[in-house]
Amino acid sequence: MKRNAWTRVAAVILAALLLWWLFWAILIDEDETQMNLPETEIIVE
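Residues numbered from 1 in each chain as written. Predicted model: local features only at pLDDT ≥ 70, side-chain atom pairs only at ≥ 80, totals over all residues. Heavy atoms only, no water.

Focus: a nonpolar patch on the surface
Here's step 1: Together, Leu14, Leu18, Leu19, Trp21, Leu22 and Ile26 make up a nonpolar patch on the protein surface, roughly 670 Å² of accessible area in all.
Here's step 2: Looking at isoleucine 26, the relative accessible area reads 45%, which means it is partly exposed. (Patch = residues over 30% accessible without salt bridge, like charges linked within 9 Å, V, L, I, M, F, W, Y side chains within 5 Å. Areas by Shrake-Rupley, 256 points an atom, 1.4 Å probe, with all protein chains shown as cover. Salt bridge = Lys/Arg side-chain N within 4 Å of Asp/Glu carboxyl O. Buried < 20%, exposed > 50% of the residue type's maximum accessible area, 1.4 Å probe, protein only.)

Below, the structure is given as structure tokens:
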């Protein structure tokens, strides 16, 4: 029984880490796409 419990704990931790990594990957990707938008120049005459 102890081995089965440890397997479940490891699976839950691994799933949580993968979800956390996916969440941060999406956030970083959104930040990069927002930062790479072309800047418009303001021409004052």
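Points about the packing of aromatic side chains
Here's step 1: In total, this model carries three aromatic pairs according to the counting rule given.
Here's step 2: Arranged with centres 6.0 Å apart and planes meeting at 35 degrees, the rings of tryptophan 20 and phenylalanine 23 form a pair that is tilted. One end of the pair is tryptophan 20 and the other is phenylalanine 23, both in helix α1 (residues 2-35) and three residues apart, which spans about a single turn.
Here's step 3: Residue classification places phenylalanine 23 among the partly exposed residues on the basis of a relative accessible area of 44%.
Here's step 4: Seen in terms of ring centroids, tryptophan 20 and tryptophan 24 are 5.8 Å apart; in terms of plane orientation they differ by 70 degrees. Their pairing is edge-to-face. Here the residue tryptophan 20 and the residue tryptophan 24 both occupy positions in helix α1, the gap between them amounting to four residues, near one helical turn.
Here's step 5: Chaining the aromatic ring pairs together yields one cluster made of Trp20, Phe23 and Trp24. (Phe/Tyr/Trp six-rings, centres within 6.5 Å; stacked < 30°, edge-to-face > 60°. Helix = DSSP H or I, 4+ residues; strand = E, 2+ residues; numbered from the N terminus.)

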